[in-house]
Amino acid sequence: MDLKTATAIRRLRLVSAPEAISFLLLLVCSVLKRTTDFNAVPVMGMVHGVLFILYVIFWADAWNRTKWSVKTAALYFVLSVLPAGGFFAERKLRREAEDAVIASRARQEGVVKA
């Protein structure tokens, strides 16, 4: 895995958890808006919107660089629209990055021919 691909995956990982948190907070704010006088939906909506747009941009960049299959790319996109899906995406991306590092080291040491 080259540096640009690793960076693309890292950026997607870094934005996935905050995006999931903002989605959950937006849901809580929506409930509070309906049940109390507290209305933080405009603020949380904007925060979540910015994070979601960043997620989609980083997702597209990672898909382009990693050459994921359509199924894998679709999985990461679907995880972005589920309330806690960003946490699962971050975990899966971390494993993918760790596996790539292990494979790269194995190739450097001559253990694996690729």
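Counting of residues starts from 1 at the beginning of each chain's written sequence and follows it residue by residue. With the structure being a predicted model, the display of local features is reserved for residues of pLDDT at least 70 and the display and counting of side-chain atom pairs for 80 or more, all residues being used for whole-chain, interface and lining totals. Neither water nor hydrogens contribute to the side-chain values; these are computed over all heavy atoms in the structure.

## Some words on the side chain of serine 80
Note the cut-off: For helices the rule is a DSSP run of H or I covering at least 4 residues; for strands it is a run of E covering at least 2, with both sets numbered from the N terminus onward. Any pair of nitrogen or oxygen atoms within 3.5 Å is treated as a polar contact; in protein, a donor-acceptor pairing is required on top of that, and neighbouring residues in sequence qualify only through side-chain atoms on both sides. Throughout, a contact is declared for two residues whenever any of their heavy atoms are within 4.5 Å.
Position of serine 80 among the secondary structure elements: in helix H3 (residues 70-81). Of the polar contacts made by the side chain of serine 80, one reaches the backbone oxygen of phenylalanine 77; its length is 2.5 Å. Those residues in contact with serine 80, other than ones at most four positions away along the chain, are Glu19, Phe52 and Tyr55.

## Some remarks on the UniProt feature "domain: DUF3817" (unreviewed entry) in the chain
Filter applied, for reference: UniProt positions are given in the numbering used here, feature names are shortened, and annotations may be inferred rather than shown by experiment.
Mapped onto the present numbering, the UniProt feature "domain: DUF3817" (unreviewed entry) falls on residues 9-95. Segment residues 9-95 splits into 87% helix and 0% strand. End C-alpha atoms: 11 Å apart.

## Points about the side chain of histidine 48
Looking at the secondary structure, you find histidine 48 in helix H2 (residues 41-66). Within the structure, the side chain of histidine 48 is placed 2.9 Å from the side chain of serine 22, a separation counted as a polar contact. Setting aside its immediate chain neighbours within four residues, histidine 48 contacts Glu19, Ser22, Phe23 and Leu26.

## Quick look at the packing of aromatic side chains
Defined as follows: Any pair of Phe, Tyr and Trp rings, taking the six-membered ring for Trp, is counted once the centres come within 6.5 Å. Such a pair is stacked with planes under 30 degrees apart, edge-to-face with planes over 60 apart, and tilted for the rest. Note on exposure labels: buried denotes an accessible area under 20% of the residue type's maximum, exposed denotes more than 50%, and partly exposed covers the range between, all computed with a 1.4 Å probe on protein chains only.
Applying the stated criterion across every chain yields a total of 3 aromatic pairs. On the numbers, 5.1 Å between centres and 50° between planes, the contact of tryptophan 59 with phenylalanine 77 is tilted. On the criterion of sequence distance, the pair formed by tryptophan 59 in helix H2 and phenylalanine 77 in helix H3 is long-range, its members being 18 residues apart. Seen in terms of ring centroids, tryptophan 68 and tyrosine 76 are 4.7 Å apart; in terms of plane orientation they differ by 35°. Their pairing is tilted. With a relative accessible area of 11%, tryptophan 68 lands in the buried category.

## What about the layout of surface pockets?
For clarity, the threshold we go by: Cavities and pockets were defined on a 1 Å grid built over protein atoms only: a cavity is a set of grid points that admits a 1.4 Å probe from which the probe cannot escape, a pocket is an open set flanked by protein on both sides within 12 Å along at least five of seven lines, and lining residues are those with an atom within 4 Å of any such point. Grid points are joined across faces, edges and corners, and a volume is the space filled by probe spheres set on the points. Charged means Asp, Glu, Lys or Arg here, nonpolar means Ala, Val, Leu, Ile, Met, Phe, Trp, Tyr, Cys or Pro, and polar covers whatever is left, Gly included.
Of the volumes computed, that of the largest pocket is approximately 220 Å³. Taken together, the elements giving at least two residues each to the lining of the largest pocket come down to helix H1 (3-35) and helix H4 (85-109). Of the residues assigned to the lining of the largest pocket, the class counts are 7 nonpolar, 2 polar and 4 charged.

## Focus: the environment of valine 50
The residue valine 50 is located in helix H2 in this model. For valine 50, a relative accessible area of 46% corresponds to the partly exposed category. C-alpha separation for the pair valine 50 and glutamate 19, spaced 31 residues apart in sequence, amounts to 8.8 Å.

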